[in-house]
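Given next are the chains, with one letter for each unit.
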Amino acid sequence: MSTYRERIRQALGAKVQFVQGDDACAYGAILAGCTFFAGYPITPATEVAERMSEILPKLGGCYIQMEDEIASIGAIIGASWTGVKVMTATSGPGFSLMQENLGYGIITETPCVIINVQRSGPSTGQPTMGAYGDMMQARWGTHGDHEIILLCPSSVQEAMELTIVAFNMAEQYRTPVLLFIDGELGHMRERLVIPDDSEITLFDRVRAESMEGYKPFQVGESLVPAFAPFGSGYRTYVTGLTHNEQGLPRTSSPAIHDKLVRRLAAKINDHTDDIVRYEEFYADDCDVAIVAYGITARTCRDVVEEARGRGIKAGLLRLITIWPFPEALVARWAERVRAILVPEMNMGQIYHPIREAVEGRCAVRLLAKIGGELHTPTELLDALEELSCQPR
Amino acid sequence: MSTTLTLKTAAELRTTHLRQEMFPTIFCDGCGLGNVLNYTLWAVEQVGLDLDRTVFVSGIGCSSRLTGYVNADGMHTTHGRALSFATGIKAANPDLNVIVFTGDGDGSGIGGNHLLHTIRRNMDLTVILVNNFTYGMTGGQSAPTSPTGSFSPTTPYGNVEHPLDICELAQALGAPYVARWPVSVPSQPIKSIAQGISKRGFSLIEMMAPCPTAYGRRNGLRGIEPNWQWYRDHTVLVDEYERVEQFGSPEERAALRDKMKIGVFQDIERESFGDRWAALVDRVKL
Amino acid sequence: MRQEIRICGFGGQGVITAAVILGKAAAVYDGLIACQVQSYGPEARGGAARAEVIIADGPIGYPGVSTADILVAMSQEAFTRYGHEVKPDCVIIIDPDIVFSHDVPQTIYPVRATKIAEDLGNAVAANIVMLGALTALTGAVSQEAIMAATLASVPARFKELNRSALEAGIAAGMGQATQP
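Residues numbered from 1 in each chain as written. Chains lettered and ligands numbered in written order. Predicted model: local features only at pLDDT ≥ 70, side-chain atom pairs only at ≥ 80, totals over all residues.

Remarks on the domain arrangement of chain A
Residues and elements named next belong to chain A.
Thought 1: For chain A, the assigned domains read domain 1 (4-199) and domain 2 (280-389).
Thought 2: One C-alpha centre belongs to domain 1, the other to domain 2, and the line joining them spans 27 Å.
Thought 3: In this assembly, 23 residues from domain 1 lie in contact with 20 residues from domain 2.
Thought 4: Of all the elements in the fold, those that place two or more residues in the side of domain 1 that touches domain 2 are strand 6 (126-130), helix 6 (135-140), strand 7 (149-151), strand 8 (176-182) and helix 8 (183-187).
Thought 5: Classifying every residue of the side of domain 1 that touches domain 2 gives 13 nonpolar, 6 polar and 4 charged. (Domains from an automatic or database assignment. Contact = placed C-beta atoms within 7 Å. Helix = DSSP H or I, 4+ residues; strand = E, 2+ residues; numbered from the N terminus. Nonpolar A, V, L, I, M, F, W, Y, C, P; charged D, E, K, R; others polar.)

Below, the structure written as structure tokens:
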């Protein structure tokens, strides 16, 4: 009898494959130990659901196609409370529908992963074209004060790797974690190397150890409560209402609300060192920097090399974690460079927190592109050259 | 299942099945929700459900607050979405018993599409839907079940819409077990809830419950007793309903127009999602 | 090394399948870095189909074609649109039975892919004939890799047809390459 990890290998197939970004997200989820997926078809994210529907039953897991995206996120949150790792995948219109239950996942501290393969909006927009128009919705889409974790890979390989990371963060901080790609990366095929188990670190949510004195939302130093799955005899009550450490509704107490909501924020904000991921190129010898993320960032790498060949001291800060926003990191770059170029496949979203972090220490220029096409190397190079010519 | 009920007293159930720290309840005088909770716990007792292995799920509204009082795993979710969460719990761990408390607004208004598809999928859930003809928690606005002509703060000139018959919908969708009872009778609801829990697949028990505070007083029912009496006067057993329809005098048939059918409307067998998924996994599992 | 390859034609000719197989040959069987995208930009909608493959020996930044190193054109419309977005030394392969007008300074390699595939019994294999010709003419991937990737990508009952198509395409390409 083969082990579960061996069966995962068997289900995923060859170690080296040529697959789409959507496939990679599904593979990452399976490698992370995801056994439950609920979703609703939507271009360009459908392939994630297709892969999960193919693989999960082979491993004894559950795939369920819900009636809409509201139900999809509801189902994964419910499933997560039985103690399993869960995921859903969608695109802009579906992500809009998920907002209310996303907030429910946050306040109930439910580990879950949501993949958003972004397309152009507003509304139905351009279903088959890539965009990064949901970056601010990720941060502020659900109502009320909260923090969120958002990761943005730049390649097919990274989509798989960061999906595993997303699961780990969801488990560690007991919160929904978002992983955003876009229609181009979602449908782009690249070489994917499935890592060996020795190369994968997995984190499982901390379980309650004793019923004695257990309170489902009481925390220690980590600020993350210990988890008791439904059916384990702990008789946990979970509510979206403001609740006390016991989990019981306490909706009229300003103090209890204040304590709960500030802790939910702090458990993420106090761990930014662990959560914030990024990549730097020529950080120490840079005059004009590009700050980019997602599929755009990969073109920027080439462009920085090209610019340096032309005598421009260019550098690149590739943001991998978008939320919580790496303010201190961007501020450090702003100290060292004359100007920052922010290319985005939207009309300027992450440009704003960047400006906030820069606080006027250097010029910040937005290079917005919408309509579904990627920034071309020429467009980026022209913008870099123009910035480098500007007086300090 | 035994046909005679040997029940613990309400006081006994209170100590074993309820969360003491949640009392007093939020419910108004004359509300039917306390009865629904009692009937449910008696049914749970009768069936012998292990509360350690039972999850109570609800959405938003007065009836959805019921989950909080039960001393078991509970999930009080978002408005209309209880069935989505319950579906996830049951699909991920089919060994758990999942009982859903919902209301007419939560379950058939904002959650109507989930109701439709949860029945179609035949999730093995027991849904106790409390119908009080109104959105009680927000102050008694018109609901999908509000009778035509009824008054509410959002239908100040009378409701022009047609009400939804939730049980007919569930029957048409092929729900294995469908029943409706008023809270004014105790034993039939207990039996139906017990049957619903025992049924493999989706079961719907619609409990008609008065809301004197938000509905009754605006619709000619002042005081608690007239609210409860209304259910005795305006319900008729399904067998009797059908007999009158077929064989009754014109006067008798005319009198049916003001009455709602009660009873067990459907009790059939149908493979559940869980059974079919398990068979599929057996077929393709590595 | 970065090679930008564009395969274009009209819908139904399998240009996307061809690109996927080419990318797979490079990435999985030749151990190169490769990336394949279907279409950038609305101009590729409608009857025209376009797929792009980038093959490199290091990380690929921009995943699209700026100016092609290799162009395979299987329709006149596609050639007219993309025949000029090419490098000066671009290898251009066309199906001469479909693309009649091709006034560009680069050498044009005509491969009668559709005719060859028809002769083998099924015109749908024209895309695989083109892959064979492309491999023989450019060496972008090895012949072993393109064969392995092709056979791994087609249904069992079409394996023989596609093997023959690929071999015929390689032969046609070799014939072109040795011509003065």
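Examining unusual backbone geometry
All names here are of chain A.
Thought 1: Between T43 and P44 the backbone carries a cis peptide bond, its omega angle lying at 0°.
Thought 2: If you trace the backbone, P44 turns up in the loop between strand 2 (34-39) and helix 3 (46-55).
Thought 3: Cis rather than trans, the peptide bond between G121 and P122 has omega equal to 5°.
Thought 4: Residue placement: P122 occurs in the loop between strand 5 (112-120) and strand 6.

Quick look at the interface of chain C and chain A
Thought 1: Listed per partner, the contact involves 18 residues of chain C and 17 residues of chain A.
Thought 2: Partitioned by chemical class, the residues of the side of chain C that touches chain A number 10 nonpolar, 7 polar and 1 charged.
Thought 3: Summarising the sheet, strand 9 (residues 189-193) of chain A and strand 2 (residues 33-37) of chain C pair through 2 bridges and their orientation is antiparallel. Bridge pairing in strand 2 of chain C places E190 of chain A opposite C35 of chain C. (Pairing = 2+ DSSP bridges.)

Structural notes on the packing of helix 2 (residues 33-47) of chain B against helix 8 (residues 187-198) of chain B
Residue and element names in this part refer to chain B.
Thought 1: Where helix 2 contacts helix 8, the two axes come as close as 8 Å, and the packing angle between them is 55°. In terms of orientation, helix 2 and helix 8 fall into the oblique class. As helix 2 packs across helix 8, the resulting crossing turns out to be right-handed. In this structure, helix 2 contributes Y39, T40, W42, A43, Q46 and V47 to the contact, and helix 8 contributes P189, I190, I193, A194, I197 and S198.
Thought 2: Here the contact of helix 2 with helix 8 is built from residues that sort into 9 nonpolar, 3 polar and no charged. (Axes fitted to C-alpha atoms, helices over the stretch in contact; angles between N-to-C directions. Parallel < 35°, antiparallel > 145°, perpendicular 65-115°, else oblique. Left-handed = near helix turned anticlockwise from the far one by under 90°.)

A few points about the interface of chain A and chain B
Thought 1: In this complex, chain A contributes 40 residues to the contact, which on the side of chain B involves 34 residues.
Thought 2: At 8 residues, helix 4 (residues 69-80) of chain A tops the list of elements feeding residues into the side of chain A that touches chain B.
Thought 3: Pairing analysis gives 3 bridges linking strand 10 (residues 237-239) of chain A to strand 2 (residues 73-76) of chain B, with the strands arranged parallel. Bridged to Y237 of chain A within strand 2 of chain B is G74 of chain B.

Some thoughts on the environment of I149 of chain A
Residues and elements named next belong to chain A.
Thought 1: As for its position among the elements, I149 is in strand 7.
Thought 2: When the C-alpha positions of I149 and R9 are compared, they lie 29 Å apart, and in sequence the two are 140 residues distant.
Thought 3: What I149 contacts, discounting residues up to four positions off in sequence, is M169, T175, V177, L178, I268, I275 and W323.

As for the pairing of strand 9 of chain A
Residue and element names in this part refer to chain A.
Thought 1: Burial of strand 9 is extensive: 4 of the 5 residues sit out of reach of the surface.
Thought 2: Taken together, the 5 bridges between strand 1 (residues 16-20) and strand 9 define a ladder with antiparallel strand orientation. Following the sheet pairing, F18 is matched in strand 9 by R191. (Buried ≥ 20, exposed ≤ 12 C-beta atoms within 10 Å, placed from the backbone.)

Some points on the arrangement of the chains
Thought 1: By contact count, the leading pair among the 2 pairs of chains in contact is chains A and B.
Thought 2: Looking at chain B next to chain C, you find no contact at all, with the nearest C-alpha pair sitting 21 Å apart.

Some details on helix 2 (residues 21-32) of chain A
Residues and elements named next belong to chain A.
Thought 1: Spanning 12 residues, helix 2 covers 16 Å between terminal C-alpha atoms, matching the ideal 16 Å at 1.5 Å per step.
Thought 2: When you tally the buried positions in helix 2, you get 12 out of 12 residues, the bulk of the element.
Thought 3: Taken residue by residue, helix 2 has G21, D22, D23, A24, C25, A26, Y27, G28, A29, I30, L31 and A32 as its buried positions.
Thought 4: Trailing helix 2 by a residue or two, G33 shows a phi angle of about 100°, which is positive. (Expected span 1.5 Å × (residues − 1).)

Considerations on the pairing of strand 4 (residues 85-90) of chain A
Residues and elements named next belong to chain A.
Thought 1: Extensive coverage of strand 4 is indicated by the burial of 6 of its 6 residues.
Thought 2: With 3 bridges joining them, strand 2 and strand 4 adopt parallel strand pairing. Counterpart to F37 in the pairing with strand 4 is M87.
Thought 3: Bridge count for strand 4 against strand 5 is 4 bridges, and the pairing is parallel. Across the sheet, A89 pairs through a bridge with I115, a residue of strand 5.
Thought 4: Where the polypeptide runs from strand 4 across helix 5 (residues 92-107) and back to strand 5, its parallel neighbour, the crossover connection is right-handed. (Right-handed = clockwise from strand over helix to strand, strands pointing away.)

So, the sheet that holds strand 1 (residues 2-10) of chain C
Thought 1: Strands sit in the order 1(A)-9(A)-2(C)-3(C)-1(C)-4(C)-5(C)-6(C) across an open sheet of 8 strands; the sheet is mixed. Looking at the sheet topology across the chains shown, the edges are occupied by strand 1 of chain A together with strand 6 (108-110) of chain C. Neighbour-to-neighbour, the strand axes of the sheet open up by a mean angle of 25°, direction not taken into account.
Thought 2: Bridge count between strand 2 of chain C and strand 3 (residues 48-56) of chain C: 5 bridges; the pairing is antiparallel. Within the sheet, the bridge partner assigned to A34 of chain C lies in strand 3 of chain C and is I55 of chain C.
Thought 3: Here helix 2 of chain A sits on the sheet in contact with strand 1 and strand 9 of chain A, set at roughly 120° to strand 1 of chain A.

Quick look at the sheet that holds strand 16 (residues 363-368) of chain A
Residue and element names in this part refer to chain A.
Thought 1: Ordered in space as 11-13-12-15-16, the 5 strands form an open sheet in which the pairing is mixed. The sheet is open, and its two borders are formed by strand 11 (278-281) and strand 16, each paired with just one other strand. With direction set aside, neighbouring strand axes in the sheet form an average angle of 20°.
Thought 2: In the sheet, strand 12 (residues 288-293) pairs with strand 15 (residues 339-344) via 3 bridges, with the strands oriented parallel. Among the inter-strand pairings, I290 is bridged to a residue of strand 15, identified as L341.
Thought 3: Against the sheet, helix 14 (residues 377-389) engages strand 12, strand 13 (314-319), strand 15 and strand 16, with an angle of about 160° to strand 15.

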